[in-house]
Amino acid sequence: GLSKDNPDSSTGDVKRPQFGTRFLTDPRQVFQHNAWDNVEWTEDQEAAAKKKVSENSQPLPPEKQEEYDSRANEYWNGFYTIHENRFFKDRHWLFTEFPELAPQCSLNHESRPEGSGTDDGQQDSQVSLDQEQSREVADGDFPGSSATYRILEVGCGVGNTVFPILKTNNDPGLFVYCCDFSGTAVELVKINPEYDPGRCFAFVHDLSDVEANYPVPDGTLDVIVLIFVLSALHPNKMQASISRLARLLKPGGVMLLRDYGRYDMAQLRFKKGRCLSENFYVRGDGTRVYFFTQDELHELFTEAGLEKVQNLVDRRLQVNRGKQLTMYRVWIQCKYRKALVQPPETQD
């Protein structure tokens, strides 16, 4: 079922705003709506899903896997070329689930008068550390260097998260960075009439290339957002990528993730011959996808030195009324925070 948020989360807010309010209590009512929220699975369903996955887990030969790895870029460019104007649905859930993306007036320490609050001393020592690191980036002059609240979205696609943030969040201190592996996607973000270079900076970046530089110094971001993007990476590149991102966060900064969970309908729908390795598949268009468990994600984040604020499964039952079919969506949502006080061994 649903795992509980970390009760000692320092926000004090352990209750999660409801993603949806349609709960299926009478199974005979299943075809009354198109979707049901937070559906519990029976042991039989879980067993059937496992069986289906194991039937389709004969991995492709290594040379085929290598090809999908080396040509990943062209497959994603192809995907965005086809879908460029079919913007994905508006993400209504974005600010409910991730209030960190909404205007921060009451939550953010930046808006408190100087000298109030408790972590100012810490803040000061952090600032000098930031300034040291900033010199690497043209003497502290990087896009958004004067901002007070910085959000980075990794794997921004054509801007389905970035544009709602820019539209909804009128905080004058806000600056949003967004990057994607696909140059085609980044180009589409930049030519969008809502793209404002005064508040936003889009760039091409390969998350799995941990040697590649980010346009901001370490320790300068408040929020990093990963929405259905980590799952596109090769599993053996995930840890290094998350650890590299964690270095960009300020103390107290958070990483927000929403991605595919194990036994999601999309995983169960893969035909034989699409499996690359355990729970890792290649779609018909050549793009790849991994299906996570909560524990795997927890390990990736904690190994990167972050602490859990939230790690939960969102199970939705989607219904095709015409065909009387039921399909289960399984998404995992995580929030992990960089501690305000860094343990000594991580300080340089």
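See the structure printed just above.
Definitions and cut-offs
- Residues numbered from 1 in each chain as written.
- Predicted model: local features only at pLDDT ≥ 70, side-chain atom pairs only at ≥ 80, totals over all residues.
- Heavy atoms only, no water.
- Helix = DSSP H or I, 4+ residues; strand = E, 2+ residues; numbered from the N terminus.
- Buried < 20%, exposed > 50% of the residue type's maximum accessible area, 1.4 Å probe, protein only.
- Contact = heavy atoms within 4.5 Å.
- Areas by Shrake-Rupley, 256 points an atom, 1.4 Å probe, with all protein chains shown as cover.
- Salt bridge = Lys/Arg side-chain N within 4 Å of Asp/Glu carboxyl O.
- Axes fitted to C-alpha atoms, helices over the stretch in contact; angles between N-to-C directions.
- Parallel < 35°, antiparallel > 145°, perpendicular 65-115°, else oblique.
- Left-handed = near helix turned anticlockwise from the far one by under 90°.
- Nonpolar A, V, L, I, M, F, W, Y, C, P; charged D, E, K, R; others polar.
- Polar contact = N/O pair within 3.5 Å; in protein donor to acceptor, adjacent residues only side chain to side chain.
- Arc of directions from axis to C-beta.
- Pairing = 2+ DSSP bridges.

Caption draft 1: Here's a closer look at the overall build of the chain. Within the chain, the regular secondary structure consists of ten helices and eleven strands. The proportion of buried residues among the 348 residues of the chain is 48%. Within the chain, residue pairs in contact and separated by at least 24 positions form 75% of the contacts whose partners lie at least 6 positions apart. Carbon and sulfur atoms provide 51% of the accessible area of the chain, an area that totals close to 17700 Å².

Caption draft 2: Structural context of the pattern of salt bridges. Evaluated as defined, the whole model comprises eight salt bridges. Measuring nitrogen to oxygen at the nearest pair gives 3.2 Å for the salt bridge that ties E100 to K335. With E100 in the loop between α4 (94-97) and α5 (120-134) and K335 in strand β11 (residues 325-338), this pair connects stretches of sequence that are 235 residues apart. Connected through shared salt-bridge partners, D218, R244 and R247 make up one network.

Caption draft 3: Structural context of the packing of helix α8 (residues 238-248) against helix α10 (residues 294-303). One can describe the packing of α8 onto α10 by two numbers: an axis separation of 8 Å at closest approach and a directional angle of 45°. Taken as axis vectors, α8 and α10 run oblique relative to one another. You can see that α8 and α10 cross each other, and the crossing is right-handed. Taken together, the residues of α10 that come into contact with α8 (itself represented by M238, Q239 and I242) are E299, L300, F301 and E303. Classifying every residue of the contact of α8 with α10 gives four nonpolar, one polar and two charged.

Caption draft 4: Here's a closer look at the side chain of R262. Positionally, R262 belongs in the loop between β6 (249-260) and α9 (265-268). Taking relative accessible area as the criterion, R262 reaches 17% and is therefore assigned buried. Here E296 takes part through its side chain, which lies 3.0 Å from a polar atom of the side chain of R262.

Caption draft 5: Structural detail: α10. Among all positions in α10, only L297, L300 and F301 are buried. Projected down its long axis, α10 shows its buried positions confined to an angular sector of 90°, all on one face. Among the exposed residues of α10, those pointing more than 90 degrees away from its buried face are D295, E299 and E303. Following α10 by one or two positions, G305 adopts a phi angle in the positive range, close to 90°.

Caption draft 6: Structural view of unusual backbone geometry. A positive phi angle is found at Y263, which is not glycine, with a value near 70°. For Y263, the location among the structural elements is in the loop between β6 and α9. A positive phi angle is found at N279, which is not glycine, with a value near 60°. Note on placement: N279 falls in the loop between β7 (275-277) and β8 (280-282).

Caption draft 7: Examining the sheet that holds β7 more closely. Judged by pairing direction, the sheet is antiparallel, and its three strands sit side by side in the order β7-β8-β9 without closing on themselves. At either margin of the open sheet sits one strand with a lone partner, and together these are β7 and β9 (288-290). When the angles between neighbouring strand axes are averaged without regard to direction, this sheet yields 30°. Summarising the sheet, β7 and β8 pair through two bridges and their orientation is antiparallel. Among the inter-strand pairings, C275 is bridged to a residue of β8, identified as Y281.

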